[in-house]
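# Chains, contacts and geometry: an overview
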Amino acid sequence: MDGILMSLEPAMAALIGLVVLQKSLHVSQWIAVLCVVAASAGAAREARPDV
């Protein structure tokens, strides 16, 4: 589960950069960030708890 949460770091960094530093990403970069978030959400949804 930790690996899934770690994969969300780029999305958080992009949002912090947008809000705090007022730096914007290109559309293709936002799409890439959304793909990573979607993959993380899918992996988290399919993850089974440790037995």
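First things first, this report covers the structure right here in the doc.

The rules behind each value
- Residues numbered from 1 in each chain as written.
- Predicted model: local features only at pLDDT ≥ 70, side-chain atom pairs only at ≥ 80, totals over all residues.
- Heavy atoms only, no water.
- Helix = DSSP H or I, 4+ residues; strand = E, 2+ residues; numbered from the N terminus.
- Buried < 20%, exposed > 50% of the residue type's maximum accessible area, 1.4 Å probe, protein only.
- Areas by Shrake-Rupley, 256 points an atom, 1.4 Å probe, with all protein chains shown as cover.
- Axes fitted to C-alpha atoms, helices over the stretch in contact; angles between N-to-C directions.
- Parallel < 35°, antiparallel > 145°, perpendicular 65-115°, else oblique.
- Contact = heavy atoms within 4.5 Å.
- Arc of directions from axis to C-beta.

Counting secondary structure elements, the protein contains 3 helices and 0 strands. Along the protein, helices and strands appear, N-terminal first, in the series α-α-α. Each of the 51 residues in the protein was classed as buried or not, and the buried ones make up 12%. Within the structure as shown, the protein displays about 4,400 Å² of accessible surface, and the carbon and sulfur contribution to it stands at 68%.

Bringing the packing of helix 2 (residues 9–19) against helix 3 (residues 27–46) into the picture now. At a minimum axis separation of 9 Å, helix 2 and helix 3 run at an interaxial angle of 140 degrees. Regarding the angle of helix 2 to helix 3, the classification is oblique. Counted together, Ala11, Ala14, Leu15 and Leu18 of helix 2 and Trp30, Val33 and Val37 of helix 3 form the full contact between these two elements.

Inspection of helix 2 places Ala11, Ala14 and Gly17 among the buried residues, and these make up the whole buried set. One side of helix 2 carries all its buried residues, which in axial view fall inside an arc of 130 degrees. Of the surrounding elements, those touching the buried residues of helix 2 are helix 3.

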